[in-house]
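Structural overview for review
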Amino acid sequence: MCQRVLDGHRIGLGEALCLYHEADLTSLGALAHEVRLRLHPQPLVTYVVDRNINYTNVCLSGCKFCAFFRAPGQDGGYVLDKETLRQKIQETLDLGGTQILLQGGLHPDLDLSFYEEMLRFMKTEFPGLHIHGFSPPEIVHFSEISGLSIVKVLERLIAAGLDSIPGGGAEILVDRVREQLSPRKCSAQAWLEVMETAHRLGLKTTATMMFGHIETIEERLTHILRIRDLQDRTGGFTAFIPWPFQPRNTAIDVLPASGAEYLRTLAISRILLDNIPNIQASWVTQGPKIAQVALYFGANDFGSTMIEENVVAATGVSHRLSVEEIRRFIEEAGFEARQRLMDYTLVES
Ligand code: SF4
């Protein structure tokens, strides 16, 4: 089976399960690294300088794994005003940032014009800014609130300044899991439909996977294969970002995935997703030392500098790195560090 991967053959669910369970960790990592080198022969590892801005934490979804949201009417709920938004963006640009990752809870009272106005404000104030915004559950929520189709919502957001879509809210794209973890959030099919529609409208997006909670390994691999199937049809995903669930402060009582389980999952992702160019290491959840090892388990990207990050931080996991530290961790692992844009174009250094 390993020879089939090395020869460039695609493997399916049965073979992937066998590889996941039976290959020893270092062999699996070496295989993933081979696949990475086939796609990216140059010893480069990229990163993006950006900031997460969570425009609201008010959310009617109440996902069991989320330590970030406040229910409508609960103390501590907020919606950012324009001045705060402006300051956060200016700070990002002052630090060499190129984009904003804009995400929020599913607010029950804000209508589509609020989001259009927010995008227009950001683009008017900061014309060169790349807005990577609104994960599929938010787009589905906007569609429900406005009574408009997904395609119409996306067309309006694009017209207002949306540049690309982050792959959040995917968790595990299997409805048995979603019904238990986040019954009020969109289905697996709806998540995929938003991404397919976005790709057909010309937007690039990423895909994520939050794993290590109630899913089986078969469901985890099924998630990866669903992403691969969609990518075969559209080619719109730039990157895949698997990250382990962080259980503290949430309603799910499991132990966090170990470093070995993270690396095994990362490696199998690289091996299966032969049609997605980039795989990100998650230093935000794993810390920079495991993220360095991840660069030999299939990852070719160190993700974002995360000048601000609130969702993982709400679980008590808080790793912080400056651009200089990110570059040092990449270079000491044996690679050249290069800043990139959302579409993986390299920034001239
Ligand atoms: S994960 Fe997102 S949708 Fe779910 S409760 Fe948290 S903010 Fe809401």
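Residues numbered from 1 in each chain as written. Predicted model: local features only at pLDDT ≥ 70, side-chain atom pairs only at ≥ 80, totals over all residues. Heavy atoms only, no water.

By the naming in an unreviewed UniProt entry, the protein goes by Cyclic dehypoxanthine futalosine synthase and is assigned to Thermosulfuriphilus ammonigenes. Note on the protein: under the UniProt heading Sequence similarities (unreviewed entry), the record states "Belongs to the radical SAM superfamily. MqnC family." UniProt lists a comment for the protein under the heading Function (unreviewed entry), and it reads "Radical SAM enzyme that catalyzes the cyclization of dehypoxanthine futalosine (DHFL) into cyclic dehypoxanthine futalosine (CDHFL), a step in the biosynthesis of menaquinone (MK, vitamin K2)." (UniProt positions renumbered as here; feature names shortened; annotations may be inferred.)

**Here we look at the nonpolar core**
Leu102, Met122, Phe134, Leu157, Trp191 and Phe302 are the most contacted members of the largest nonpolar core, which totals 101 residues. Setting aside chain neighbours within four positions, we find Phe134 in contact with Tyr55, Leu102, Gln103, Tyr115, Met118, Leu119, Ile139, Phe142, Leu157, Leu162, Ile165 and Pro166. (Core = buried A, V, L, I, M, F, W, Y, C linked by side-chain atoms within 4.5 Å. Buried < 20%, exposed > 50% of the residue type's maximum accessible area, 1.4 Å probe, protein only. Contact = heavy atoms within 4.5 Å.)

**Some details on the side chain of Asn300**
Within the secondary structure, Asn300 sits in the loop between helix H12 (283-294) and strand E9 (301-304). With a relative accessible area of 4%, Asn300 lands in the buried category. Those residues in contact with Asn300, other than ones at most four positions away along the chain, are Arg36, His40, Leu44, Val45, Thr46, Pro277, Asn278 and Ile279. (Helix = DSSP H or I, 4+ residues; strand = E, 2+ residues; numbered from the N terminus.)

**Overview of the packing of aromatic side chains**
If you walk through the whole model with that rule in mind, you get eight aromatic pairs. Relative to Tyr115, the ring of Tyr55 lies with its centre 5.6 Å away and its plane at 75 degrees, an arrangement referred to as edge-to-face. Placement of Tyr55 in the loop between strand E2 (50-54) and helix H4 (82-94) and of Tyr115 in helix H5 (residues 112-125) is noted, with a sequence separation of 60 residues between them. By relative accessible area, Tyr55 is classed as buried at 1%. Ring centres 5.2 Å apart and planes at 90 degrees place the aromatic pair Phe114 and Tyr115 in the edge-to-face group. (Phe/Tyr/Trp six-rings, centres within 6.5 Å; stacked < 30°, edge-to-face > 60°.)

**Quick word on the pattern of salt bridges**
One pass over the full model with this rule turns up 19 salt bridges. The partner of Arg51 in a salt bridge is Glu91, and the shortest N-O contact between them spans 2.8 Å. Of this pair, Arg51 sits in strand E2 while Glu91 is found in helix H4, placing the two residues 40 residues apart along the sequence. Residue Glu91 is classed as partly exposed on the basis of its relative accessible area, which comes to 41%. A salt bridge links Arg156 to Glu116; the shortest N-O distance between them is 2.9 Å. Note that Arg156 is positioned in helix H7 (residues 150-160) and Glu116 in helix H5, a separation of 40 residues in sequence. (Salt bridge = Lys/Arg side-chain N within 4 Å of Asp/Glu carboxyl O.)

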